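Working through the structure, step by step
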Amino acid sequence: MDCASLLEAPYLLLGKKLAENLTISVVIPVFNGAETVPSLINMLEKISIPGGMEVILVNDGSEDDSAQICDSLVETSTLPITFIDLARNFGEHNAVLTGLRYARGDYVITMDDDLQQPADEISKLHAYAQENDLDAVFGAFDERKYAPWRNFGGWLADKTSNLLLDKPHGLTLSSFRCLSQRLVGELAAYNGPYPYIEGMILKNTSHVASITVTHLERTIGNSNYTLRKLVRLWMHILFNFSIQPLRISMIIGLGLFGLSSLGAAYVVLDYFMSGAVAPGWASLMIVMLVFFGLQFIFLGLIGEYTGRTFMSIGTLPQSSIRRIKTSGSDVSPENGHADTPDTQER
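Next up on the list: the overall build of the chain. Scanning the chain from terminus to terminus reveals eleven helices and ten strands. Burial analysis of the chain (346 residues in total) assigns 48% to the buried set. The long-range share in the chain, meaning contacts at least 24 apart out of those at least 6 apart in sequence, stands at 84%. Looking at the chain as shown, the accessible area adds up to about 17,000 Å², and 60% of this sits on carbon and sulfur atoms.

Here it is in structure tokens:
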């Protein structure tokens with residue numbers, strides 16, 4: 001299926017013909033955002049975009065009243081809003097990918113629901129992408145105002161991306177991004193169970209950049225991210241978009257084999273030259289235990305790749321949609337799910 005068909009499919013599901021493209025679509029994954037989403041929509045309503053703007057709210061299994069709030073915003077907002085209610089929590093990247101499939105804009109902005117990414121910076125991201133003919137522009141925060149542990153998680157993810165994803169030097173990744181419609185079509189075709197949007201972008205295009213934007217203090221609620229979830233995201237980067245860990249383990253294995261061969265040669269030469277039997281059984285056992293430990297680590301790496309491959313070809317849903325509501329419609333999809341699998345936790 002080509003990119004245009006992938007983008008149009010959700011609207012055909014709603015029994016509507018795809019309207020003329022808007023200038024910007026704003027995709028917002030919502031998780032426990034009942035207190036923040038109304039304020040965010042209010043800010044977006046004040047932004048004037050030539051050609052028009054729409055908002056796609058994706059409720060990712062929130063445990064508060066987010067679904068009801070989003071539902072009412074569809075009715076009351078001056079902006080055209082599409083509300084997608086997922087059946088459970090699938091993860092931020094999964095929710096974003098679901099929202100991208102419903103975006104009609106020539107450019108798509110993705111942003112969080114926590115009010116830390118200023119809505120008035122949308123025009124800046126869009127203008128930079130359009131003027132420089134870029135597929136993706138990331139908002140690089142002038143000062144990251146997250147908790148220290150989350151800043152560390154972001155730093156770790158960034159360094160891993162540098163190593164495994166061939167990230168251009170000086171490029172800063174973030175969830176505040178502007179994507180071209182062409183790139184959105186490519187991302188929408190992804191059917192793996194563990195989507196990582198930044199990795200997918202870098203695998204699809206080199207026409208990317210980042211520009212400095214403001215990052216605000218969080219004034220309402222607490223972050224929905226935990227250290228465990230950030231570690232899980234790091235693992236998605238590590239295992240889903242590169243086989244570099246397997247190559248590194250092979251290099252380490254070859255290095256250890258070389259060292260052990262030199263050690264064996266030394267023992268044989270020492271025996272023939274001096275007639276001495278090499279002492280040190282305790283040391284030998286320690287070395288053997290180290291080697292056995294490394295073997296189990298490498299087997300674990302292989303097992304992780306094998307398991308994720310199995311999950312990728314399985315039947316796990318990427319997202320399961322309970323209900324879709326747009327201005328003037330309220331539809332429960334007949335099949336109830338997107339065409340691609342996913343289990344990532346948010």
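Here the narrative resumes.
We now examine the packing of aromatic side chains. The full count for this structure, using the stated rule, is zero aromatic pairs. Residue placement shows Arg88 over the ring face of Phe90; its charged tip is 4.0 Å from the ring centre.

Time to look at helix H5 (residues 122–131). Considered for burial, the residues of H5 that qualify are Ile122, Leu125, His126 and Ala129. Viewed along the axis of H5, the buried residues span an arc of 95°, placing them on a single side of the element. In this fold, the buried residues of H5 make contact with strand S1 (24–30), helix H2 (37–45), strand S4 (107–110), strand S5 (136–141), strand S6 (177–180) and strand S7 (208–213).

Below, the discussion takes up the side chain of Ser66. Tracing the backbone shows Ser66 in helix H3 (residues 66–76). Accessibility expressed as a relative area gives 1% for Ser66, which makes it buried. Ignoring anything within four residues of it in the chain, the contact list for Ser66 reads Val30, Asn32, Gly33, Ala34 and Asn59.

Moving on to the packing of helix H4 (residues 92–100) against helix H8 (residues 197–204). Two elements in contact, H4 and H8, have axes separated by 10 Å at closest approach and are oriented at 55°. One finds that H4 runs oblique with respect to H8. The residues of H8 that touch H4, namely those facing His93, Val96 and Leu97, are Ile197, Glu198 and Met200. Of the residues that constitute the contact of H4 with H8, the class distribution is four nonpolar, one polar and one charged.

Per-residue pLDDT for the chain averages 79, and the proportion of residues at 70 or more is 71%. Of the regions scoring below 50 in pLDDT, residues 334–346 engages in 63 contacts with residues more than four places distant in sequence or in other chains.

Taking every second residue as pointing to the same face, both faces of S6 are buried, with Arg177 and Leu179 on one and Cys178 and Ser180 on the other. Relative to S6, S4 runs antiparallel, the two being bridged by four bridges. Within the sheet, the bridge partner assigned to Tyr107 lies in S6 and is Ser180. Bridging between S5 and S6 involves three bridges; their strand directions are antiparallel. The partner of Ala136 across the bridge, within S6, is Leu179.

Counting residues in each nonpolar core, the largest one holds 36 residues, and the members touching the most others are Val26, Ile28, Leu44, Val55, Leu57 and Ile122. Among the nonpolar cores identified, the runner-up in size contains 33 residues, and Tyr102, Ala157, Ile201 and Ile321 belong to it.

Okay, the environment of Gln318 next. By the secondary structure assignment, Gln318 is in strand S8 (residues 318–326). Once the C-alpha coordinates of Gln318 and Pro195 are considered, the two residues, 123 residues apart in sequence, prove to be 8.7 Å apart.

On inspection of all chains with the given rule, the structure shows seven salt bridges. Note that Glu54 is salt-bridged to Arg104, the shortest N-O span being 3.0 Å. Residue Glu54 is found in strand S2 (residues 53–59), and its partner Arg104 is found in the loop between H4 and S4; the two are separated by 50 residues along the sequence. Residue Glu54 shares its accessibility class with Arg104, and that shared class is buried. The residue Arg182 makes a salt bridge to Asp135 at a minimum N-O spacing of 3.1 Å. Taken together, the positions of Arg182 in helix H7 (residues 181–188) and Asp135 in the loop between H5 and S5 put the pair 47 residues apart, joining distant regions of the chain. Residue Arg182 is classed as partly exposed on the basis of its relative accessible area, which comes to 40%. Here the salt bridges share partners, and the residues they tie into one network are Asp71, Glu75, Arg323 and Lys325.

Put simply, H2 and H3 touch, their axes get as near as 10 Å, and they point 25° apart. Viewed along their axes, H2 and H3 adopt a mutual orientation that is roughly parallel. The handedness of the crossing between H2 and H3 comes out as right-handed. Residue-level contacts link Val37, Pro38 and Ile41 of H2 to Ile69, Cys70 and Leu73 of H3. Looking at the contact of H2 with H3 residue by residue, the classes come out as six nonpolar, no polar and no charged.

Turning to unusual backbone geometry, a few remarks are in order. Working note: non-glycine residues mostly have negative phi, and peptide bonds are mostly trans. Of note in the backbone geometry, Leu115 takes a positive phi value of approximately 70° without being a glycine. Residue placement: Leu115 occurs in the loop between S4 and H5. The phi dihedral of Asp133 falls on the positive side, at around 50°, and the residue is not glycine. Note that Asp133 resides in the loop between H5 and S5.

What counts and how
- Residues numbered from 1 in each chain as written.
- Predicted model: local features only at pLDDT ≥ 70, side-chain atom pairs only at ≥ 80, totals over all residues.
- Heavy atoms only, no water.
- Helix = DSSP H or I, 4+ residues; strand = E, 2+ residues; numbered from the N terminus.
- Buried < 20%, exposed > 50% of the residue type's maximum accessible area, 1.4 Å probe, protein only.
- Contact = heavy atoms within 4.5 Å.
- Areas by Shrake-Rupley, 256 points an atom, 1.4 Å probe, with all protein chains shown as cover.
- Phe/Tyr/Trp six-rings, centres within 6.5 Å; stacked < 30°, edge-to-face > 60°.
- Lys NZ or Arg CZ within 6 Å of the ring centre and 35° of its normal.
- Arc of directions from axis to C-beta.
- Axes fitted to C-alpha atoms, helices over the stretch in contact; angles between N-to-C directions.
- Parallel < 35°, antiparallel > 145°, perpendicular 65-115°, else oblique.
- Nonpolar A, V, L, I, M, F, W, Y, C, P; charged D, E, K, R; others polar.
- pLDDT = per-residue confidence, 0-100.
- Pairing = 2+ DSSP bridges.
- Core = buried A, V, L, I, M, F, W, Y, C linked by side-chain atoms within 4.5 Å.
- Salt bridge = Lys/Arg side-chain N within 4 Å of Asp/Glu carboxyl O.
- Left-handed = near helix turned anticlockwise from the far one by under 90°.

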